Amino acid sequence: MILTNSELNEVLKELDGWKIVDNQLSKEFKFKGFIQAFGFMTEVAITAETMDHHPEWSNVYNRVIINLSTHSEGGITLLDKELAMKIDSINNSIQS
Ligand code: H2B
């Protein structure tokens, strides 16, 4: 189910650095270089596949921009929040 505006605001408080852009949860990640960025994308890809929930994203060298929404629902759902949290924990394990 698509989150209401007030539910979305609660979700944004619980997430680190995610914002709403064009009705999607969005965040930009920056890495030391391309290999680190691509390694991050590989881990995210494996997690996304296990959830059957996939990001829209782009990568240029050391930057990865991720946009999350639930296509079948036409908006942001708790699945997107769940994937966002997993993406952050993958990112934290790479950056630290
Ligand atoms: N990912 C996202 N972000 N939203 C979806 O609605 C979605 C998906 N649907 N991954 C899944 C795959 C669907 O297309 C397949 C057929 O299960």
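See above for the structure.
Numbering of residues starts from 1 in every chain and runs along the sequence as written. At least 70 in pLDDT is required for a residue's local features to be given in this predicted model, at least 80 for side-chain atom pairs to be given and counted, and no such filter applies to totals for whole chains, interfaces and linings, which use all residues. Side-chain numbers here rest on the full set of heavy atoms in the structure, without hydrogens or water.

## A short note on the environment of T77
Next, step 1: To qualify as a helix, a DSSP run of H or I must reach at least 4 residues; to qualify as a strand, a run of E must reach at least 2; elements of each kind are numbered from the N terminus. Within the secondary structure, T77 is located in the loop between strand 4 (63-68) and helix 3 (78-95).
Next, step 2: Think of it in three bands: residues with accessible area under 20% of the maximum for their type are buried, residues over 50% are exposed, and the middle band is partly exposed, with areas taken using a 1.4 Å probe on protein chains only. Judged by relative accessible area, T77 falls into the buried class, the value being 5%.
Next, step 3: Contact definition: two residues touch when any of their heavy atoms are within 4.5 Å. Among all residues touching T77, those that are not within four sequence positions of it are M1, I2, L3 and T70.

## Section: the sheet that holds strand 3 (residues 56-60)
Next, step 1: Two strands pair if DSSP finds at least two bridges between them. Taken in spatial order, the four strands line up as 1-2-4-3 in an open sheet, and their pairing is antiparallel. Only two strands of the sheet have a single partner each, and these edge strands are strand 1 (19-21) and strand 3. Averaged over all neighbouring strand pairs, the angle between strand axes comes to 30°, with direction disregarded.
Next, step 2: One ladder, built from five bridges, connects strand 3 with strand 4; its direction is antiparallel. Looking at the pairing, W57 lines up with I66 of strand 4. Interaxial angle, 0 to 180 degrees, is taken between N-to-C directions of lines fitted to C-alpha atoms, where a helix line uses only the stretch in contact.

## Looking at the pairing of strand 2 (residues 24-30)
Next, step 1: Counting buried residues along strand 2, five of its seven residues qualify, which places the element largely inside the surrounding structure.
Next, step 2: Pairing of strand 1 with strand 2, which is carried by three bridges, proceeds in the antiparallel orientation. By the bridge assignment, V21 is partnered in strand 2 with Q24.
Next, step 3: Counted between consecutive antiparallel strands, the loop separating strand 1 from strand 2 contains two residues, among which D22 sits at a positive phi close to 50°.
Next, step 4: Bridge analysis of strand 2 against strand 4 gives six bridges, and the strand direction is antiparallel.

## Considering the pattern of salt bridges
Next, step 1: Salt bridge, as used here, is a side-chain nitrogen of Lys or Arg placed within 4 Å of a carboxyl oxygen of Asp or Glu. One pass over the full model with this rule turns up five salt bridges.
Next, step 2: The partner of E14 in a salt bridge is K81, and the shortest N-O contact between them spans 2.6 Å. Here K81 lies in helix 3 and E14 lies in helix 1 (residues 5-14), a separation of 67 residues in the sequence.
Next, step 3: K81 gets classed as buried once you look at its relative accessible area, which sits at 16%.

## Let's talk about the nonpolar core
Next, step 1: Nonpolar core, defined: a set of buried Ala, Val, Leu, Ile, Met, Phe, Trp, Tyr and Cys residues in which side-chain atoms within 4.5 Å join the residues together. W18, F40, I66, L68 and I87 are the most contacted members of the largest nonpolar core, which totals 21 residues.
Next, step 2: Put simply, the parts of the chain that give this core at least two residues each are helix 1, strand 2, helix 2 (34-51), strand 4 and helix 3.
Next, step 3: If you tally residues by element for this core, the top one is helix 2, at five residues.
Next, step 4: Discounting residues that sit within four places of it in the chain, I66 has contacts with W18, L25, S26, K27, F29, F40, P55, E56, W57 and I87.

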